Amino acid sequence: MSTDAGDYAACALCPRCCRADRTRESAGFCRSGDRMELASAVLHFGEEPPISGTGGSGTLFFSSCTLGCPSCQNIQISRRDRPLGRVITPEEGADICMELQRRGAENINIVTGTHYIPSLVFMLRSAGEQGLNIPVVWNSSGFETAAGLAPIDPLIDIYLIDVKTLDAGTAERFCGSSSYPEAVKAVLPWIAQRNPLSFHEEKLTAGVLVRHLMLPGEIESTAGVLAWFSSRFKDQALLSVMLQFIDPRGEMFPEVSAEQEVLRLLKEYEINDGFIQETGNEEIWLPDFSRPNPFPAAFAKPVWHWKHGFIGQHPAIQVRRSCR
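My aim in this report is to walk through the structure given alongside it, one point at a time.

Calculation rules
- Residues numbered from 1 in each chain as written.
- Predicted model: local features only at pLDDT ≥ 70, side-chain atom pairs only at ≥ 80, totals over all residues.
- Heavy atoms only, no water.
- 1 Å grid on protein atoms, 1.4 Å probe; cavity = no way out; pocket = protein on both sides within 12 Å on 5 of 7 lines; lining within 4 Å.
- Points joined across faces, edges and corners; volume = space filled by probe spheres on them.
- Nonpolar A, V, L, I, M, F, W, Y, C, P; charged D, E, K, R; others polar.
- Disulfide = S-S within 2.5 Å.
- Buried < 20%, exposed > 50% of the residue type's maximum accessible area, 1.4 Å probe, protein only.
- Phe/Tyr/Trp six-rings, centres within 6.5 Å; stacked < 30°, edge-to-face > 60°.
- Helix = DSSP H or I, 4+ residues; strand = E, 2+ residues; numbered from the N terminus.
- Pairing = 2+ DSSP bridges.
- Expected span 1.5 Å × (residues − 1).
- Contact = heavy atoms within 4.5 Å.

Here we come to empty space enclosed by the protein. One pass over the structure, following the stated rule, counts one cavity of 30 Å³ or more. Put simply, the largest cavity is a space of about 110 Å³. Lining the largest cavity are 13 residues, with Cys11, Cys14, Cys18, Arg22 and Cys30 sitting closest to its centre. For the lining of the largest cavity, the per-class residue count stands at nine nonpolar, three polar and one charged.

So, about the state of the cysteines. Scanning the model with the defined rule gives zero disulfides in all. No disulfide involves Cys69; its sulfur sits 4.6 Å from that of Cys175, the nearest cysteine. Accessibility expressed as a relative area gives 17% for Cys69, which makes it buried.

Enumeration over the complete set of coordinates arrives at eight aromatic pairs. Ring centres 6.3 Å apart and planes at 20° place the aromatic pair Phe143 and Tyr180 in the stacked group. Pair noted here: Phe143 is in the loop between strand S5 (136–140) and helix H6 (146–149) and Tyr180 is in helix H8 (residues 180–194), with a separation of 37 residues, a long-range link. Here the two residues Phe143 and Tyr180 agree in accessibility, since each one is buried.

Note that strand S1 (residues 36–44) and strand S11 (residues 300–305) share five bridges and pair antiparallel. The partner of Val42 across the bridge, within S11, is Pro302. Here two bridges tie S11 to strand S12 (residues 309–310), and the two strands are oriented antiparallel to one another. Each residue of the ladder has a partner; that of Trp304, found in S12, is Phe310. Connecting S11 to the next strand, S12, in antiparallel fashion are three residues.

Relative to the elements of secondary structure, Ile276 occurs in strand S10 (residues 274–276). According to the relative accessible area criterion, Ile276 is partly exposed, its value standing at 32%. A sequence separation of 13 residues divides Ile276 from Leu263, and the C-alpha atoms of the two residues are 8.7 Å apart.

What follows concerns unusual backbone geometry. Within the chain, Ser64 stands out as a residue other than glycine whose phi angle is a positive 75°. Summarising the element assignment, Ser64 is placed in the loop between strand S2 (57–62) and helix H3 (75–78). Although it is not a glycine, Thr112 sits at a positive phi angle of roughly 55°. Along the polypeptide, Thr112 turns up in the loop between strand S4 (108–111) and helix H5 (117–130).

In a regular helix each residue adds 1.5 Å, so 14 residues correspond to 20 Å; helix H9 (residues 219–232) covers 20 Å between its end C-alpha atoms and thus fits that length. Of all the residues in H9, the buried ones are Ser221, Thr222, Ala223, Val225, Leu226, Trp228, Phe229 and Ser230.

Once that is clear, we can look at the side chain of His115. Note that His115 resides in the loop between S4 and H5. Under the relative-accessibility criterion, His115 is labelled buried at 1%. Residues in contact with His115, not counting those within four places in the same chain, are Tyr8, Leu13, Arg22, Cys30, Ser32, Ser63, Ser64, Cys65 and Thr66.

Here it is, written out as C-alpha cells:
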C-alpha cells in the first residue's frame, strides 16, 4: 500500500494552500514531504475524561505542523526545522494503531495530522481491515478546511478541535497566523453539523469536543470565543477550557487569577456541559519527546517511540513481521 502521490503534488491540505509539490522535497509552510513522520504513540490518561476513559487514549503524535504557534507545548516535534520523529509507512502506522488497541486504548487519537491526511486515510483503512474497532479522534489546532478534511472525515468519529482565538491580532501573536480565526469559524460549523454527540456510558463515541486554551492577558479573546460557542455550538458540542498555558521559552505563564473570570463567563453564557482544567504545576504538561515516555508516568504509558520503535511486548506484530 502506498499513498497517491498526486495528493501531495500540489498541496492544499490546510488553509495556507501552498500548492507546494511535496513529492519532490520537504516543501510548503510545514516543510514536510510526502511521507509521514511520527514522534510518539502512548496510552494517554491526560485528555478529557470521556476521551481518556479508563484505558487511556491511544495517542499518536505526528511531527511538523501547519500552524506554527510560537509557544507550542510540543515545540520539539511541531517545529518546521528538523522536528523530532521518524518516517513511517501507512502500514507501520496501522500496526501501531492495532497495538494501541491490543493494549486497551479507548480510541485512536491522531494529533496534528492535517499535513499527512492522504497517508492517514490509507493507515486507517489498513487498520480497519486488520480489525480496528475503536473510535478515531481527530486532535487538531482547528486550522483546517472542509475540503482538506473531506477525504478523512468518513473515518473520524470524534473531533477534538481547538478554538484558540477569534481575534486576528491575538492569532497573529499566539498562532503565527492572523487568518486562523477565519479558518476555524468556517470549518467548525461544517464539523459540528456532520458529527452529533454520542455516548456509551461515560465515553464519548462520536461528536465534537471544542478546546479553548486561555492565553495570557487575553481575557477579552476568551470572552469572544465563549460567546461564539454559546451562540452556535453549546447544544451540539462539548467545551473544554484549558488553563495550562506555558511558553517553553519561559517568557509567558498562566494567569491563575483569570480562572474566576472564566467561571463567571461560563455562567454568563450559560455553558453548563464540559470541562475546565484545574490550575497548578502546569510544567508537568510540557512533554519531552526525546524520552521513551514524553510525559510523567501517571499521565501516559509509552507504546512506540521514534528512537526505539515499539516499547514492551507486542507479539502480534512480531509474529506477522517474522513471516515476511
